[in-house]
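Given next are the chains, with one letter for each unit.
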Amino acid sequence: MLLKLAWRNIWRNRNRSLITMSAIASAVLLAVATVSLQQGVWEHLIKNLVSLYTGYAQVHAKGYWDEQTLENSFEIDKTVEQQVAGTPGVNAIAHRLESFALASSGDKTRGCLVVGINPAEEENLTRLSAKIQSGSMLESGQDGALVAEGLAEKLNLALGDTLVLLTQGYYGSTAAMKTPIRGLLHFGSPELNNQIAYIPIQLAQYWLDAPDRATSLVVGLEQAEDLPAVARSLKKSLPKTYEALTWKEMMPEINQHIEADSAGMYIMLGVLYMLISFGIFSTLLMMLAERQREFGMLNALGMQPWSIARVVLAETVFLTLCGSLAGLLLSYPLVWYLAENPIQLGGDMAEIYEKFGFEAIFPATVKAKIFVEQTLVVLSVGLVLAVYPVWRVLRLNAVEAMRN
Amino acid sequence: MQTVIDAHNISKVYNPDTIPVHAVNSVHLHLNRGEFTALVGPSGSGKTTLLNIIGGLDAPTEGQVVINGINISELKPNQLINFRLHNIGFVFQAFNLIPVLTASENVEFIMLLQKRPKAERTRRVHELLASVGLSDKLNVRPSQLSGGQQQRVAVARALASRPQFILADEPTANLDSHSAATLLDIMEKMNREEAITFLFSTHDQRVIDRARRVITLVDGRIENDSAATQIRH
Ligand SMILES: Nc1ncnc2c1ncn2[C@@H]1O[C@H](COP(=O)(O)OP(=O)(O)O)[C@@H](O)[C@H]1O
Ligand SMILES: [Mg+2]
């Protein structure tokens, strides 16, 4: 009966309740759409970014990320490899043996990053073949290199020319190698385009005198949201001689940027929720003022203030719940549509995106978590606001309330 | 005769620190089970204040109210509310009913607060609304009832809780004379047939004429009590 009473009380002033509910619904709609879009855009960017080179996470010998030398490489271990590949959420892995080297041709010399790869694994993880401008993909066990365009240009090298690489091997001796250029790569990122070269990992191991060794095991994920769980599992279960780092740890500046952006959005949402709080609160105050007499009468008859307060509380919950459910019902199709038909970027933005090899779109993400979170936020706003009317009801004086 | 209300030396002073108003002055009031008593007096004579004190809605500045042997001034606030729920039926001048509930729900509500079983509630709602002549208005909301009908629902509700007595503060003040007479008929019948104790305030002579005992209040003092007069005669 108390719930029935609360429910009917909401519809006592139908227009006011409908207006309050639509304010709540539009706030939820706006909040869900904003958060879904923002998270979707960042997820899309991160996915593009990590699939350029770093992957979502990497496993190294302990200390490698701080000091990237061959001394901090590890011997490829089938058990560790299987453990990483078998972690739930992981859908691709790739071993790399990376070394900085001097590349030269004729009288030109450039510093570069030489990456020994397993072509099939790398293809799976970063779709390397898609970046080939001319020439063909490397083949496992063969010689040959894929050189980024910028680097090749600076060295005055073309497809089919010979690349000379010079560095220090695993045991400290000088390592030198000549290998034909099998393909030229294009990267949108100048950093990669001007200094990267790929060779098969066996060739790198031979060149660096580091048989069976690798510097990193790159981890790809099916879904970005699995990252925390995967990272936790790897950090916990890998032998102590290994380190597992996520892209956030490897590229902290990007993560900070995202967090700053989210903070900005949450401030905006905070302002939005403040605005609807005023709306909800004024509705509650009006309900309270109109019903002083009724509350006094109920208390006089023998209803405990706490029971009356429960009715008021139930009314607040109904009001906010109806509003947010309406908001959810409206936002689901919108967010779903924006996920299926992402906003296409145009103009300069699109150009920048495409230069980096990213798809120039703003997709939304459809996540139950976002819907649930926003509903809970509105509901808690309502409950916090209900504290005042509840407090007023609890210190109700029947005689005074009825005299008005 | 069994004593239901024993109000002893009741005084009530409003605003004792600024401009004191002595609303009730050293009132002794004794009511037996089955009485049908009117509390009369001009506006401002202290009727509402006295009824509120007897009903446990307001605390007296001085004196004690004993109902059925229980000194209600010794009860804690929540005990007092519970005491009202189980022992006192109230009919107010206006705004008696919960607007969003139907007539039958309004009557049932008080029994729900008392946690009475569903079967009993349903039976009693029908019984009581029939006895106040509103069998055809069970599912009608207060806004669609006339003032007199609303007061009859309020009387039915006051009875629903099976109280020791019913306090009614000017129950007919907002009614036309016909509705007032009907309401009085119903109250009288309940008093006669079921020995329900009524204490009601009024300043309407036609209502006063129907009472079996009349207590007259002037400036917060009992000026005349027909029961006492009869004894003296
Ligand atoms: N809350 C209050 N504060 C101050 N004075 C009050 C209050 N309630 C009633 N009074 C005064 O007490 C006196 C008695 O009032 P009341 O009991 O309402 O009389 P009645 O019901 O007979 O009209 C009046 O003078 C009234 O002004
Ligand atoms: Mg009065």
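Parameters at a glance
- Residues numbered from 1 in each chain as written.
- Chains lettered and ligands numbered in written order.
- Predicted model: local features only at pLDDT ≥ 70, side-chain atom pairs only at ≥ 80, totals over all residues.
- Heavy atoms only, no water.
- Pairing = 2+ DSSP bridges.
- Helix = DSSP H or I, 4+ residues; strand = E, 2+ residues; numbered from the N terminus.
- Contact = heavy atoms within 4.5 Å.
- Axes fitted to C-alpha atoms, helices over the stretch in contact; angles between N-to-C directions.
- Near = heavy atom within 4 Å.
- Polar contact = N/O pair within 3.5 Å; in protein donor to acceptor, adjacent residues only side chain to side chain.
- Areas by Shrake-Rupley, 256 points an atom, 1.4 Å probe, with all protein chains shown as cover.
- Nonpolar A, V, L, I, M, F, W, Y, C, P; charged D, E, K, R; others polar.

Asker: What am I meant to see in the sheet that holds strand β4 (residues 62–67) of chain B here?
Answerer: Whenever strands of a sheet pair, they do so through backbone hydrogen bonds, lying parallel or antiparallel. Residues and elements named next belong to chain B. Read from one edge of the open sheet, four strands run β2-β1-β4-β5, paired in antiparallel fashion. Where the open sheet ends on each side, the last strands, each with one partner, are β2 (21–32) and β5 (70–71). Along the sheet, helix α1 (residues 47–54) makes contact with β1 (3–14), β2 and β4, crossing β1 at roughly 125°.

Asker: In this structure, what is going on with the sheet that holds strand β6 (residues 88–91) of chain B? I would like to understand it.
Answerer: Residues and elements named next belong to chain B. Across the sheet, six strands lie side by side as β6-β7-β8-β3-β9-β10; this open sheet has mixed pairing. Only two strands of the sheet have a single partner each, and these edge strands are β6 and β10 (221–225). If you compare each strand with its neighbour and ignore which way they point, the axes differ by 20° on average. Contacts from helix α2 (residues 77–87) reach β6 and β7 (165–169) within the one sheet, and its direction differs from that of β6 by about 80°. In the packing of helix α5 (residues 147–160) onto the sheet, the strands contacted are β6 and β7, and the crossing angle to β6 comes to about 175°.

Asker: Got a minute to help me understand the site of ligand 1 in this structure?
Answerer: Around ligand 1 there are 13 residues in total, and Arg403 of chain A together with Gly44, Lys47, Thr48 and Thr49 of chain B lie nearest to it. Ligand 1 is flanked by residues contributed from chains A and B. In the environment of ligand 1, an oxygen atom lies 2.9 Å from a nitrogen or oxygen atom belonging to the side chain of Lys47 of chain B. Burial of ligand 1 by the surrounding chains reaches 69%, relative to a free accessible area of 560 Å². Elements with a minimum of two residues in the shell around ligand 1: β2 and α1 of chain B. If you tally residues by element for the shell around ligand 1, the top one is α1 of chain B, at three residues. Considering only residue class, the shell around ligand 1 consists of four nonpolar, seven polar and two charged.

Asker: Explain the pairing of strand β8 (residues 174–185) of chain A to me, please; I cannot follow it from the model alone.
Answerer: It is a general feature of regular strands that their side chains alternate between the two faces of the sheet. Residues and elements named next belong to chain A. Here three bridges tie strand β5 (residues 132–135) to β8, and the two strands are oriented antiparallel to one another. What sits directly across from Ser134, in β8, is Leu184. With four bridges connecting them, strand β6 (residues 145–148) and β8 associate as parallel partners. Its bridge partner being in β8, Leu146 is matched across the sheet by Gly183. The hairpin turn running from strand β7 (residues 162–168) into β8, its antiparallel successor, is five residues long, and Gly172 in that turn takes a positive phi close to 95°.

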